[in-house]
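# Reading the structure
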Amino acid sequence: MIARVTQLFLPTLREAPADAEATNHKLLVRGGFVRQVTGGVWSFLPLGWRVHRKIEQIIREEMDAIGTQEMLMPVLTPFELWQQTGRDFIPEIFRLKDRKGADYVLPLTHEETVAFHARELQSYRQLPQMLYHFSIKERDELRPRAGLIRLREFIMKDAYSFDRDDEALAANFELQRGAYVRIFERCGLETHCVEAEPGMMGGSESFDFLAPAGAGENTLVTCENGDFAADVEIARGVARPPSFPAPLDAPDEVETPGVKTCEALAEFLAIDVAATSKAMPVTTDDGAVVLALVRGDDRIEPAKLDAVLGKPSRPATDDEIRAAFGASGGSLGPVGFAGEVVADESLREGQFVAGANRDDRHLRGVEAGRDFQPRFADLRQSREGDTCPNCGGRLAFETAIEVGHIFKLGTRYSAPLGARFVDEDGQEGAVVMGSYGIGLARVMAALVEQRHDEQGIIWPASVAPYDVHVLALRGAEEVAEQAAEALSAAGKDVLLDDRDQRPGEKFADADLIGIPIRVTAGKKSLEDGAVDFRDRATGEERRVKLTDIGKEG
RNA sequence: CGGGACGUAGCUCAGCCUGGUCAGAGCGCCGCCUUUGGGAGGCGGAAGCCGUCGGUUCGAAUCCGACCGUCCCGACCA
């Protein structure tokens with residue numbers, strides 16, 4: 001197949017849009033792959049859609065290969081289904097009414113709809129089943145951002161598994177996970193499968209596929225020795241041990257005028273900041289004030305705290321703090337606090353300096369168990385300098401894009417929607433579900449983030465919009481045409497730059513668009529009947545006789 | 001939703017503080033000429049309700065207000 005640039009809608013730009021900051025945003029717009037229509041809503045232009053479809057096809061093949069069946073579920077969805085699972089309150093849902101006043105949602109994902117269909121599974125004999133589709137998802141995001149990374153409308157591949165029990169679910173879950181690994185490998189995308197927070201999806205267990213990238217909303221933590229990878233929200237790095245001052249028999253109150261931060265406190269008392277404790281009062285959604293406690297050199301990981309509390313929390317207001325502690329932020333501590341105290345594991349051993357719950361005063365020698373009774377949990381955010389919990393190696397932190405997420409849902413959706421089956425003993429039970437999602441535009445964005453240089457994108461061959469980019473320089477149009485024909489005959493998809501433009505512009509566009517192989521036909525070709533093959537990734541160049549092109553594979 | 005920046009030609013921007021031939025430049029586009037292995041050059045040309053609405057003023061792209069939209073940080077996030 002040969003596509004001629006003069007006949008394509010392929011608007012490349014010399015400059016990136018002023019408001020583009022992320023690499024994927026700049027290069028995909030400049031290369032004529034995508035255009036923004038409004039905040040978080042994009043069109044895929046012909047070139048971008050070809051890449052999208054290549055990714056889609058890889059996913060389709062791997063889904064089919066493990067027996068997942070493709071179908072299609074609608075975007076327009078009755079609100080009632082979401083009421084039945086209790087997800088109707090999620091603020092990101094777009095809602096609308098028809099002319100008769102009936103309520104609909106534009107779904108964020110399709111658990112409700114697929115569970116609705118799963119009601120037709122009635123016997124254990126019909127299990128297991130796996131279904132998937134590619135469909136548009138709509139999310140009323142507060143803040144779309146970073147090019148194609150956070151969108152309000154995007155195409156997701158979502159798959160769903162249906163099993164009779166947790167054991168069978170685990171088997172399908174592993175099948176899906178294996179397929180995901182192969183999908184991202186085939187796309188040429190580096191990803192790490194890490195344990196994740198199920199969040200609003202519910203369910204018991206979930207894994208993220210994180211692609212390290214220059215832009216993204218997740219932080220990937222990996223061990224230098226390769227035996228640990230996690231999202232920072234759940235990573236349990238090992239902090240350096242503190243150096244403690246001499247222990248005290250009881251807490252000793254000291255005046256600390258004007259000291260508001262742990263760093264200032266440590267300096268004031270001339271001790272290791274890791275031997276202080278940091279108090280963060282939060283208010284849960286039922287109105288209780290809870291004191292979260294970490295080491296002075298650490299930060300609370302809110303996701304961990306909420307997981308421990310089992311409910312969402314927010315920082316307490318100044319008024320709430322005053323009412324609960326009788327002191328202001330900066331001098332808060334666990335001793336004498338009447339509410340619940342959740343302390344990080346790192347505070348289990350040793351004596352720390354803590355706020356005295358009196359303004360400008362702190363307590364030295366505060367010991368958990370003796371001076372206050374906390375609930376211990378992992379609360380601290382892992383950070384630079386932590387070591388690996390498995391081998392003690394150094395941990396590395398990098399921003400990453402969540403390109404896939406797989407969940408064990410259990411009966412979270414099947415139970416409320418009545419997807420039940422009967423087993424061989426005549427016992428009725430809810431179908432056990434899993435769900436498995438990939439954001440295709442994010443895969444595309446992550447690839448650009450991972451594979452580009454100053455000149456433009458460097459697509460892996462598996463998802464490149466065309467296999468070969470043939471440049472016809474002035475005078476050598478015929479040779480270019482012949483080269484394109486030969487490549488096409490060899491089964492290649494060819495983009496032929498037949499524009500009447502100067503060579504520099506064609507080279508620049510070729511580098512920008514990033515097709516793996518560039519073939520140039522120029523004046524030299526008229527003399528020796530050969531063209532230049534250039535590898536986009538390595539820059540390696542070699543001359544190939546027109547007559548040998550078919551053999552180039 | 002809090003903080004910040006911004007909105008002038010298809011794109012990147014200047015002009016705004018100090019209201020008055022200020023509707024401007026470069027790129028792109030159209031025509032002609034010249035040039036042709038890394039975004040050339042010349043001549044001519046088309047193109048903008050200066051985000052929207054309202055106010056101040058003899059007069060507003062410029063000052064004031066409201067609204068809308070975009071981007072960044074935060075909050076949020078499947």
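Criteria and thresholds
- Residues numbered from 1 in each chain as written.
- Chains lettered and ligands numbered in written order.
- Predicted model: local features only at pLDDT ≥ 70, side-chain atom pairs only at ≥ 80, totals over all residues.
- Heavy atoms only, no water.
- Helix = DSSP H or I, 4+ residues; strand = E, 2+ residues; numbered from the N terminus.
- Buried < 20%, exposed > 50% of the residue type's maximum accessible area, 1.4 Å probe, protein only.
- Contact = heavy atoms within 4.5 Å.
- Areas by Shrake-Rupley, 256 points an atom, 1.4 Å probe, with all protein chains shown as cover.
- Pairing = 2+ DSSP bridges.
- Axes fitted to C-alpha atoms, helices over the stretch in contact; angles between N-to-C directions.
- Domains from an automatic or database assignment.
- Salt bridge = Lys/Arg side-chain N within 4 Å of Asp/Glu carboxyl O.
- Near = heavy atom within 4 Å.
- Polar contact = N/O pair within 3.5 Å; in protein donor to acceptor, adjacent residues only side chain to side chain.
- Expected span 1.5 Å × (residues − 1).
- Phe/Tyr/Trp six-rings, centres within 6.5 Å; stacked < 30°, edge-to-face > 60°.
- Parallel < 35°, antiparallel > 145°, perpendicular 65-115°, else oblique.
- Left-handed = near helix turned anticlockwise from the far one by under 90°.
- Disulfide = S-S within 2.5 Å.

## Quick notes on the overall build of chain A
Each helix and strand in chain A was counted, giving 13 helices and 30 strands. Considered along the principal axes of its C-alpha atoms, chain A spans approximately 95 × 65 × 50 Å. For chain A, the residues scored as buried account for 49% of the 553 residues in total. For chain A, long-range pairs separated by at least 24 residues make up 70% of all intrachain contacts whose partners lie at least 6 apart in sequence. Counting every atom, chain A has about 24800 Å² of accessible surface; 48% of that belongs to carbon and sulfur.

## With respect to the sheet that holds strand β1 (residues 2-4)
Strand order in the open sheet formed by six strands is β1-β27-β26-β28-β29-β30, and the pairing between neighbours is mixed. In this open sheet, the two edge strands, each paired with only one partner strand, are β1 and β30 (541-545). Along the sheet, successive strands turn relative to each other by an average axial angle of 25 degrees, direction set aside. Both strand β29 (residues 530-535) and β30 contribute to a ladder of five bridges, which runs antiparallel. In the strand pairing of β30, A530 is matched with K545. Each of β1, β26 (468-472), β27 (494-497), β28 (517-521) and β29 touches helix α11 (residues 477-489); the most contacted strand, β26, lies at about 165 degrees to it. Strand contacts of helix α12 (residues 503-513): β26, β27 and β28, with the helix running at about 170 degrees to β26, the strand carrying the most contacts.

## Some remarks on the domain arrangement of chain A
Taken as a whole, chain A is organised into domain 1 (8-233 + 397-449), domain 2 (252-377) and domain 3 (468-552). Summarising the inter-unit geometry, the C-alpha centres of domain 1 and domain 2 are found 39 Å apart.

## Considering the pattern of salt bridges
Tallied over the entire structure, the rule returns 39 salt bridges. Its salt-bridge partner being R295, residue D297 comes within 3.0 Å of it at the nearest N-O pair. There is no split in this pair, since D297 and R295 are both buried. The closest approach of N and O atoms between R380 and D386, which form a salt bridge, is 3.0 Å. D386 carries the same exposure label as R380, and that label is buried. One salt-bridge network, in which partners are shared between bridges, spans R295, D297, D298, R380, R383 and D386.

## Digging into the protein's contact with RNA strand B
Inspection of the region around RNA strand B gives 45 residues, with R14, L108, R474, E505 and D511 positioned closest. A share of 48% of the atoms of RNA strand B within 4 Å of the protein falls on sugar and phosphate groups. The side chain of E505 places a nitrogen or oxygen atom 3.0 Å from a base nitrogen of RNA strand B. One of the side-chain N or O atoms of D532 is found 2.7 Å from a base nitrogen in RNA strand B.

## Things to note about helix α2 (residues 46-65)
The end-to-end C-alpha separation of α2 is 28 Å, in line with the 28 Å expected for 20 residues at 1.5 Å each. Taken residue by residue, α2 has L47, G48, V51, H52, I55, E56, I58, I59, R60, E62 and M63 as its buried positions. Residue G67 follows α2 closely and has a positive phi angle near 85 degrees.

## Digging into the packing of aromatic side chains
This model, assessed by the stated rule, comprises eight aromatic pairs. Measuring from centroid to centroid gives 6.0 Å for Y180 and F184, while their planes differ by 85 degrees, and the two rings are edge-to-face. Taken as a pair, Y180 and F184 lie in helix α5 (residues 166-186) at a separation of four residues, close to a single helical turn. Like F184, Y180 is buried.

## Some words on the sheet that holds strand β20 (residues 361-367)
Reading across the sheet, the three strands line up as β14-β20-β19 and stay open at both edges, with antiparallel pairing between neighbours. On the outer flanks of this sheet lie β14 (252-255) and β19 (351-355), each paired with one strand and no other. The average undirected angle you get between the axes of adjacent strands in this sheet is 30 degrees. Here β19 runs beside β20; their pairing, made up of four bridges, is antiparallel. From the neighbouring strand, A354 faces β20, where its bridge partner is L363.

## Observations concerning the packing of α2 against α5
Packed helix pairs are characterised by how far apart their axes lie and by the angle those axes make with each other. For the pair α2 and α5, interaxial distance at closest approach is 9 Å and the crossing angle is 150 degrees. When the interaxial angle is binned, α2 and α5 end up roughly antiparallel. Where α2 crosses over α5, the handedness of that crossing is right-handed. Every residue of α5 that contacts α2 at I58, I59, E61, E62 and M63 is listed here: Q176, A179, Y180, R182, I183 and R186.

## Remarks on the state of the cysteines
A full pass over the atoms with the stated rule returns zero disulfides. We note that C193 lacks a disulfide partner, and the nearest cysteine sulfur, in C187, lies 16 Å from it. Free cysteine: C388, not disulfide-bonded; nearest cysteine sulfur from C223 at 3.7 Å.

## Examining the packing of α2 against helix α10 (residues 440-450)
At their nearest, the axes of α2 and α10 sit 10 Å apart, and the two run at 110 degrees to each other. By the angle between their directions, the pair α2 and α10 is classed as roughly perpendicular. In the packing of α2 onto α10, the handedness of the crossing is right-handed. Contacts between α2 and α10 involve G48, V51, H52, I55, E56 and I59 from the former and L440, A441, V443, M444 and L447 from the latter.

## Points about unusual backbone geometry
The bulk of non-glycine residues show a negative phi, and the bulk of peptide bonds are trans. Residue P128 follows L127 across a cis peptide bond; omega there is -5 degrees. Tracing the backbone through its elements, the reader meets P128 in the loop between α4 (111-118) and β8 (129-138).

## What to know about the environment of V342
On the secondary structure map, V342 appears in strand β18 (residues 341-344). What makes V342 buried here is its relative accessible area of 0%. Each C-alpha atom, one on V342 and one on V308, is 8.6 Å from the other, the two residues being 34 residues apart in sequence. Those residues within four positions of V342 in sequence are excluded, and the remaining contacts are V290, L291, A292, L293, V308, L309, R375, A377 and L379.

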